[in-house]
Amino acid sequence: MKNIVLFGPPGAGKGTQSAKIIEKYDYLHLSTGDLLRAEREAGTELGLKAKEFMDQGALVPDEVVIGMIANKINANRQVNGIVFDGFPRTVAQAEALDQMLTENGLEIAKMIELEVIEDELVKRLLERGKTSGRADDQNEAVIRNRFKAYENETAPVADYYKAQNKYVALPGMGEIEIIFDYICREIEAC
Ligand code: B4P
């Protein structure tokens, strides 16, 4: 079972590339953003709590997200691999993930970061906001908050995987298919 963390700032292409990876390799896609949005739509207590943070562009508290992921890993032991998309987003989440995987005899094979400049990210997110209905994609101030949260809380997660020799950075700008080819090479090499 090959487990990959897809990493990068909001709008880097994690969701876009995850969809292609799961189609090609038949992996399980675990997107904490998607899981949180589903909880919101279902109107659960967890979803309502998450909404306050998401709409401001802040991160949802670690304990909420970690519990959600633990349930998914435990329910899916027989898959070819897992693509973690948008998780871990803090060092505490990365440590919790390692612990959950180790308990199941599993590990992260590689973290793949998609590198994209900020102006392009803003452009992509505002464009998606026109049709996604996502409040956090429609307002530039909220988008800037998401970048701040990324810089302060999420960027250090890359160092966590660098220390384990599992980190690789790829260009995230340009043709989606070309970026996907780079990603496939990395997945197949580990
Ligand atoms: P996410 O749902 O993870 O949102 P995201 O980072 O914006 O998505 P992504 O990066 O996958 O989007 P993509 O580039 O594919 O998180 C939303 C919120 O949920 C967070 O702010 C936070 O509040 C909360 N949350 C989620 N996980 C959490 C966690 N672990 N802990 C705490 N809080 C958490 O797509 C962007 C756009 O770019 C698309 O329109 C796409 O078509 C386009 N695009 C992609 N690749 C392109 C390319 N190569 N060229 C041109 N356009 C491209």
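> Break down the overall build of the protein chain for me, citing the residues and quoting the values.
In terms of helices and strands, the protein chain carries 9 helices and 5 strands. Counting from the amino terminus, the protein chain carries its helices and strands in the arrangement β-α-β-α-α-α-β-α-β-α-α-α-β-α. In terms of C-alpha radius of gyration, the protein chain reaches 16 Å, essentially the compact-globule figure of 16 Å for 190 residues. Its C-alpha atoms give the protein chain principal-axis dimensions of roughly 40 × 40 × 30 Å. Excluding contacts between residues fewer than 6 apart, the proportion of contacts in the protein chain whose partners are at least 24 apart in sequence is 75%. Counting every atom, the protein chain has about 9400 Å² of accessible surface; 48% of that belongs to carbon and sulfur. Here the protein chain carries 23 positive and 32 negative side-chain charges, and the mean point of each set is 2 Å from the other.

> Just give me the short version of the site of the ligand, but keep the residues and values in it.
Contacts to the ligand come from 31 residues, most closely from Gly13, Gly15, Thr32, Ala58 and Arg146. Note that an oxygen atom of the ligand is positioned 3.3 Å from one of the side-chain N or O atoms of Arg134. Within the backbone of Gly174, an N or O atom sits 3.0 Å from a nitrogen atom of the ligand. Applying the majority rule of atoms within 2 Å of the grid points places the ligand in the largest pocket. Taken together, the elements giving at least two residues each to the shell around the ligand come down to helix H1 (14-25), helix H2 (32-42), helix H6 (118-132) and helix H9 (176-188). With 4 residues, H2 is the largest single contributor of residues to the shell around the ligand. Looking at the shell around the ligand, its residues break down into 12 nonpolar, 10 polar and 9 charged.

> Summarise the packing of H2 against helix H3 (residues 45-54); cite the residues concerned and give the values.
Between H2 and H3, the shortest axis-to-axis distance is 7 Å and the interhelical angle comes to 120°. As judged from the angle between their axes, H2 and H3 are oblique. Relative to H3, H2 is oriented so that their crossing is left-handed. Residues Gly33, Leu36, Arg37, Glu39 and Arg40 of H2 touch H3, and the partners they reach there are Leu46, Gly47, Ala50, Lys51 and Met54. Grouping the constituent residues of the contact of H2 with H3 by class yields 4 nonpolar, 2 polar and 4 charged.

> Lay out the pattern of salt bridges in plain terms, naming residues and giving numbers.
Using the criterion set out here, one finds 18 salt bridges in the structure. The closest approach of N and O atoms between Glu120 and Arg124, which form a salt bridge, is 2.9 Å. On the criterion of helical spacing, the pair formed by Glu120 and Arg124 is a turn pair, its members being 4 residues apart in helix H6. In this structure Arg124 comes out as partly exposed when scored by relative accessible area, which is 25%. What emerges from the salt-bridge pattern is a single network uniting Arg128, Arg134, Asp136, Asp137 and Arg146.

> Run through the nonpolar core, naming residues and quoting values.
The biggest cluster of nonpolar side chains holds 30 residues, and the ones touching the most others in it are Ile73, Phe84, Leu97 and Tyr161. In contact with Leu97, other than residues within four places in its own chain, are Ile73, Phe84, Phe87, Pro88, Ile108 and Tyr161. Ranked by size, the runner-up nonpolar core spans 22 residues in total, among them Ile4, Val83, Val116 and Val122.

Criteria and cut-off values
- Residues numbered from 1 in each chain as written.
- Predicted model: local features only at pLDDT ≥ 70, side-chain atom pairs only at ≥ 80, totals over all residues.
- Heavy atoms only, no water.
- Helix = DSSP H or I, 4+ residues; strand = E, 2+ residues; numbered from the N terminus.
- Rg over C-alpha atoms; globule rule 2.2 N^0.38 Å.
- Contact = heavy atoms within 4.5 Å.
- Areas by Shrake-Rupley, 256 points an atom, 1.4 Å probe, with all protein chains shown as cover.
- Lys, Arg positive; Asp, Glu negative; His and termini not counted.
- Charge placed at Lys NZ, Arg CZ, Asp CG, Glu CD.
- Near = heavy atom within 4 Å.
- Polar contact = N/O pair within 3.5 Å; in protein donor to acceptor, adjacent residues only side chain to side chain.
- 1 Å grid on protein atoms, 1.4 Å probe; cavity = no way out; pocket = protein on both sides within 12 Å on 5 of 7 lines; lining within 4 Å.
- Sits in = over half its atoms within 2 Å of the grid points.
- Nonpolar A, V, L, I, M, F, W, Y, C, P; charged D, E, K, R; others polar.
- Axes fitted to C-alpha atoms, helices over the stretch in contact; angles between N-to-C directions.
- Parallel < 35°, antiparallel > 145°, perpendicular 65-115°, else oblique.
- Left-handed = near helix turned anticlockwise from the far one by under 90°.
- Salt bridge = Lys/Arg side-chain N within 4 Å of Asp/Glu carboxyl O.
- Buried < 20%, exposed > 50% of the residue type's maximum accessible area, 1.4 Å probe, protein only.
- Core = buried A, V, L, I, M, F, W, Y, C linked by side-chain atoms within 4.5 Å.

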